[in-house]
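# Descriptive structure summary
If you want the building blocks of each chain, they are given just below.
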Amino acid sequence: MIQNVKLNLKYTNIKEKDMMKYAERVTQIHKELHEKSKNPKEFLGWLDLPKEIDKKELDKIKKSAKKIQSDSEILLVIGIGGSYLGARAVIEALTHTFYNYLSHEQRKTPQILYVGNNLSPNYMNDIIDLIGNKDISINVISKSGTTTEPAIAFRVFRELLENKYGLKEAQKRIYVTTDAKKGALKQIAKQEKYTTFVIPDNIGGRYSVLTAVGLLPIATAGINIDKLLEGAKFAQEKYLDRNLKYNDCYKYAVIRNMLYKEAKNIEILVSYEPKLHYMIEWWKQLFGESEGKGGKGIYPTGAEFTTDLHSLGQYIQEGRRNLFETVINIKEPASDMKIKADEDNLDELNYLVNKGLDEVNKKAMEGTIDAHMEGEVPNLVITMDKLNEYNIGHLIYFFELACAVSGKLLGVNPFDQPGVEKYKTNMFKLLGKPGY
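Residues numbered from 1 in each chain as written. Predicted model: local features only at pLDDT ≥ 70, side-chain atom pairs only at ≥ 80, totals over all residues. Heavy atoms only, no water.

Now for the overall build of the protein. Scanning the protein from terminus to terminus reveals 18 helices and 10 strands. The globule rule puts the C-alpha radius of gyration for 436 residues at 22 Å, and the 23 Å found for the protein is close to it. By principal-axis analysis of the C-alpha atoms, the protein measures approximately 65 × 65 × 45 Å. Burial status across the protein gives 51% buried among its 436 residues. Long-range pairs, those at least 24 residues apart, make up 78% of the contacts in the protein with a sequence separation of at least 6. Here the protein displays about 21,000 Å² of accessible surface, and carbon together with sulfur accounts for 51% of that area. Averaging the locations of the 62 positively and 58 negatively charged side chains of the protein gives two centres separated by 8 Å. (Helix = DSSP H or I, 4+ residues; strand = E, 2+ residues; numbered from the N terminus. Rg over C-alpha atoms; globule rule 2.2 N^0.38 Å. Buried < 20%, exposed > 50% of the residue type's maximum accessible area, 1.4 Å probe, protein only. Contact = heavy atoms within 4.5 Å. Areas by Shrake-Rupley, 256 points an atom, 1.4 Å probe, with all protein chains shown as cover. Lys, Arg positive; Asp, Glu negative; His and termini not counted. Charge placed at Lys NZ, Arg CZ, Asp CG, Glu CD.)

Pasting the structure below:
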């Protein structure tokens, strides 16, 4: 079997015999998840999604992406949390590091900009300035259409489009991803005859990246969504093995819970590749919203090395010993560069002559893992052979399934987020919203 995404546990000091004590419980969770996967109330639609995705919806996504590419210089993605983080994670992982800064001729696809993910007037006005007179389309993503941040942004930019193009042309440039039947956004879309895509009832926002929620922006950026789904489908099949001994995904879930019982209650997802910045942000929401309940849960945070070794490295090495790290290692870089000789060698770098920068980066990773292990910070290492659509699809499914199993092991419901509503209630009261 292809090992394009592989878990290494040797830096955790966890013994296999101790891990295998969880085998029976993992088998029960596996059985429970798959037995309930067809029940829409269980929010398990993501479990079989790679194999069962609606082909008509997929074709519609591709067709709309091509239209946006042909008539727009910018796609404005309006959404917050799971409505945009997954798409942004994939786009930034798989496109040029400075994608949005390239000319249209270099990109050949629209700039992808994001709004509705905060309430800053500075951010909103700066986006408007950046758009200027460029041709744009909008993809607004919201299950209800009443979530404050994206709802405000949609009101602002819908008006901008209507003023710029007129009502009829604006209608052709607004793409709505929302509930199939109900909600304010669905009602607006039906009334205005916008092109619509469905957020499945049985898939929560943070598990929705492989639905139209993520796939339309991803396809618009020129990324092969078929390969992304192929990678997820491979992972779906690979992790059907309920035997903990042979299932890396379930091992990851178990080790996290074992470390948590040892008072390791903060997990740092680490990358040595800046392209994975938003993959870390997506992962933080996935695990934070899924596990942080009832006074329980591992706090998910992230770090980008080697950059953050010069800010957080000291704390990780010698601070409170309640940390562990999960490191994403990309085996083969998309590009590399050799370090050349300098006759004067004033920077004392000639010992690196003819070494690739990726080798230096890898040695920094290996040295850091060893150092942090010595400092009593366990490390799990997830190695991907390459950063491509197939492997990112695999990684997304790996984390989604691991999160579900980990939450079940922890004794919480990994598919709800009741605490998110508290700040909203307080905000609505302070703003004088009727009914609050």
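This part covers unusual backbone geometry. Of note, the bond from F305 into T306 is cis; its omega dihedral lies within 30 degrees of zero at 10°. In this model, K193 sits at a positive phi of 60°, which is unusual for a non-glycine residue. Along the chain, K193 turns up in the loop between α10 (184-192) and β6 (195-198). Here N354, not a glycine, exhibits a phi torsion of approximately 75°, which is positive.

Strands sit in the order β1-β10-β9-β7-β8 across an open sheet of five strands; the sheet is mixed. Strands at the two margins of the open sheet, each flanked by one partner only, are β1 (5-8) and β8 (299-304). Across the sheet, the mean angle from the axis of one strand to that of its neighbour is 20°, orientation sign disregarded. Sheet topology note: the strand β7 (residues 266-271)/strand β9 (residues 323-332) ladder contains six bridges and is parallel. Across the sheet, E267 pairs through a bridge with F324, a residue of β9. (Pairing = 2+ DSSP bridges. Axes fitted to C-alpha atoms, helices over the stretch in contact; angles between N-to-C directions.)

Looking now at helix α13 (residues 248-261). With 14 residues, α13 extends 20 Å from end C-alpha to end C-alpha; this agrees with the ideal 20 Å at 1.5 Å per step. The element α13 is largely enclosed, with a buried count of 12 among its 14 residues. All of the buried residues along α13 are D248, C249, Y250, K251, Y252, A253, V254, I255, R256, N257, M258 and L259. Note on α13: the residue one or two positions beyond its end, A263, has a positive phi of about 70°. (Expected span 1.5 Å × (residues − 1).)

Let us now look at the sheet that holds strand β3 (residues 111-115). Spatial ordering of the open sheet is given by β3-β2-β4-β5-β6, a layout of five strands whose pairing is parallel. Only two strands of the sheet have a single partner each, and these edge strands are β3 and β6. Taking the axes of each pair of neighbouring strands and ignoring which way they run, one obtains an average angle of 20° across the sheet. Where strand β4 (residues 136-141) lies against strand β5 (residues 174-178), four bridges are found, and the strand directions are parallel. Bridge pairing links N139 to Y175 in β5.

A contiguous patch of negative charge on the surface is contributed by D342, E343, D344, D347 and E348. As for its placement among the helices and strands, E343 is situated in the loop between β9 and α16 (357-374). Of the residues examined, E343 reaches a relative accessible area of 81% and is grouped as exposed. (Patch = residues over 30% accessible without salt bridge, like charges linked within 9 Å, V, L, I, M, F, W, Y side chains within 5 Å. Salt bridge = Lys/Arg side-chain N within 4 Å of Asp/Glu carboxyl O.)

Core analysis: the biggest nonpolar cluster contains 92 residues, and W46, W282, I392, F399 and L401 have the highest contact counts within it. It is helix α17 (residues 389-410) that provides the largest number of residues to this core, a total of 12 residues. For W282, the contacting residues outside a window of four places in its chain are L85, G86, A89, R206, V209, I396, F399 and E400. (Core = buried A, V, L, I, M, F, W, Y, C linked by side-chain atoms within 4.5 Å.)

In total, this model carries 17 aromatic pairs according to the counting rule given. Where W46 meets Y207, the ring centres are 5.1 Å apart and the plane angle is 25°; that geometry is what we call stacked. Taken together, the positions of W46 in the loop between α2 (23-35) and α3 (49-52) and Y207 in the loop between β6 and α11 (212-220) put the pair 161 residues apart, joining distant regions of the chain. By relative accessible area, Y207 is classed as buried at 1%. By way of ring pairs, the aromatic residues Y239, Y252, W283, F287, F398 and F399 are connected into one cluster. One residue, R107, lies across the ring of Y99, its end atom 5.7 Å from the ring centre. Cation over ring: R173 sits above Y165, and NZ or CZ is 4.3 Å from the ring centre. (Phe/Tyr/Trp six-rings, centres within 6.5 Å; stacked < 30°, edge-to-face > 60°. Lys NZ or Arg CZ within 6 Å of the ring centre and 35° of its normal.)

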